[in-house]
Amino acid sequence: MTNKKIAITAVSETISTIRQEGRWLKTFSGEALVELYEDPKSPGIQLFHHLFLKDSTPVYIVGAQPLILPFGSIELFLNQKLFDEFCAGSVMVGWWYIRTVALFDEDMLEELLSTDQKDLYVTSTQFNKFLGNPVLIPFEKPCSTDDQEILGCLFGVYGYPNAENILEAFGFKDMMKEWRIVLCPVGRNLSTGKTSLLTVSLGSLLFEKPDSPVNFSCLIGEALTNWKDIPEMKLCVHELFSKIAYLLTETPDVTRCVSVQSPRIIRPRKKPVKIIPPDTARYLLMGEEFGSVIRTYSARASSLTAAKGTVRPHIRRAHWHTYLTGTGREKRILKWILPILVKSADLSQE
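Source: prediction; values computed, not measured.

Engineer: When you look at the packing of helix α1 (residues 4-21) against helix α5 (residues 80-96) in this model, what are you seeing that I'm missing?
Structural biologist: The relative placement of two packed helices comes down to the angle between their axes together with the axis-to-axis distance. Following both chains from N to C, one finds α1 and α5 inclined at 120°, their axes separated by 11 Å at the closest point. As summarised for this structure, α1 and α5 are arranged oblique, according to the angle between their axes. Note that α1 runs across α5; the crossing there is left-handed. Listed contacts from α5 to Val11, Thr14, Ile15, Ile18, Arg19 and Glu21 of α1 are Met92, Trp95 and Trp96.

Quick look at the structure:
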């Protein structure tokens, strides 16, 4: 399993960095998020709804991740730099009030890291489950150079559901077909001990239709381009994207990880109602069942010997497989196929 000590350190440093930066927690205070949840009445939000969402159900917040500023700023969607900054802030705030951490089974991860990703395709449907569910992914060991180390990466997305016509009048219709893939590596300066979130927004995933596929390796290539000034990340990019790929699958452990969490709302007497963060982080182990099967298969394979003239028992490596389902076979379901014990016909009778 992912080293718990490293994971706890990554969580502590992420919390400390978000708190110290303060900008987004000030903008999205517990009171402000409750307003987005319960009954938005500010003039800015009402204007936003009137202009863009009058024909659809308004969604201002998912889980604890805000989708608009409390004052409903239209300029946010018209300025690319402000929009990129807001996407990252939205993910940070969403994680702050949920604090989900994905740990990985050691044996499963070994197989996962050896699984080829070059022919892996993903869709927006697979990413949108992370809206409201940012996840901190600690690394198995810090990736470091002479002056900095990376402890893990905060992973989340930003998109506006059910609003394809938003900003169409301004010529920005395609913007809202994008799912912004936000990656915030947790970096620590080895000389000063200061931590920071090195925000990288992969904003090039434009899905013409919810289930139109995009090659997963495009994400990796863009990340490497954006991280050209962060040499430490190049050391752990394979581990990071292998773990992200697993989180895009449909398995019970991933479902638990990305089930939209209801934030804690407290209603003290004579004080404003507000959302508060959890007392402890939510650590979830990914791939434990897969790891158990891998260990069982490995034990059986090592104990069996092939008869003369037969194929020696061996394990066929795990691999990605995309299943096409639904009308017109347009829906894509990504699964990671377990290692398979391959042996002769005689041995198969056991």
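Engineer: What am I meant to see in unusual backbone geometry here?
Structural biologist: When glycine is set aside, most residues are seen to have a negative phi, and most peptide bonds are trans. Its identity as a non-glycine residue notwithstanding, arginine 99 has a phi of 60°, on the positive side. Its place among the elements puts arginine 99 in the loop between α5 and β3 (100-104). Since its relative accessible area comes to 7%, arginine 99 is described here as buried.

Engineer: What is the right way to look at the side chain of lysine 243 in this model?
Structural biologist: Positionally, lysine 243 belongs in helix α10 (residues 237-247). A distance of 2.8 Å separates a polar atom in the side chain of lysine 243 from a polar atom in the side chain of glutamate 239. Setting aside chain neighbours within four positions, we find lysine 243 in contact with Thr2, Phe104, Leu109, Leu112, Ile137, Pro138, Phe139 and Glu140.

Engineer: Looking at this structure, I do not really get the environment of serine 144. What am I missing?
Structural biologist: The residue serine 144 is located in strand β5 (residues 135-144) in this model. Using a relative accessible area of 37% as the deciding quantity, one classes serine 144 as partly exposed. Linking serine 144 and methionine 233, residues 89 residues apart in sequence, is a C-alpha distance of 8.5 Å.

Engineer: I'm lost on the pattern of salt bridges in this one. Help?
Structural biologist: Side-chain pairs of opposite charge can arise whenever the charged atoms involved come near each other. Overall, the coordinates contain seven salt bridges when judged by the stated rule. Notably, a salt bridge pairs arginine 295 with aspartate 105, separated by 3.2 Å at the nearest N-O pair. Taken as a pair, arginine 295 in helix α12 (residues 288-303) and aspartate 105 in the loop between β3 and α6 (106-113) lie far apart in primary sequence, 190 residues in all. Classification of arginine 295 as partly exposed rests on a relative accessible area of 38%. The shortest N-O distance in the salt bridge between aspartate 107 and arginine 295 comes to 2.6 Å.

Engineer: Help me out: how do you make sense of the packing of aromatic side chains in this one?
Structural biologist: Two aromatic rings are characterised by how far apart their centres lie and by the angle between their planes. Scanning the model with the defined rule gives eight aromatic pairs in all. Each ring, one from phenylalanine 28 and one from phenylalanine 86, has its centre 6.2 Å from the other, and the planes form 50°; the classification is tilted. Of this pair, phenylalanine 28 sits in the loop between α2 (23-27) and α3 (30-38) while phenylalanine 86 sits in helix α5; the two residues are 58 residues apart in sequence, bridging distant segments of the chain. By way of ring pairs, the aromatic residues Trp24, Phe28, Phe86 and Tyr158 are connected into one cluster. Residue placement shows arginine 99 over the ring face of tryptophan 96; its charged tip is 4.3 Å from the ring centre.

Engineer: For this particular structure, what's the right way to read the side chain of glutamate 13?
Structural biologist: Tracing the backbone shows glutamate 13 in helix α1. For glutamate 13, the side chain forms a polar contact with the side chain of threonine 195, separated by 3.5 Å. Once residues lying within four places of it in the same chain are set aside, the contact partners of glutamate 13 are Leu151, Val186, Arg188 and Thr195.

What counts, and where the lines are drawn
Residues numbered from 1 in each chain as written. Predicted model: local features only at pLDDT ≥ 70, side-chain atom pairs only at ≥ 80, totals over all residues. Heavy atoms only, no water. Axes fitted to C-alpha atoms, helices over the stretch in contact; angles between N-to-C directions. Helix = DSSP H or I, 4+ residues; strand = E, 2+ residues; numbered from the N terminus. Parallel < 35°, antiparallel > 145°, perpendicular 65-115°, else oblique. Left-handed = near helix turned anticlockwise from the far one by under 90°. Contact = heavy atoms within 4.5 Å. Buried < 20%, exposed > 50% of the residue type's maximum accessible area, 1.4 Å probe, protein only. Polar contact = N/O pair within 3.5 Å; in protein donor to acceptor, adjacent residues only side chain to side chain. Salt bridge = Lys/Arg side-chain N within 4 Å of Asp/Glu carboxyl O. Phe/Tyr/Trp six-rings, centres within 6.5 Å; stacked < 30°, edge-to-face > 60°. Lys NZ or Arg CZ within 6 Å of the ring centre and 35° of its normal.

Keep in mind these values describe shape, not function.
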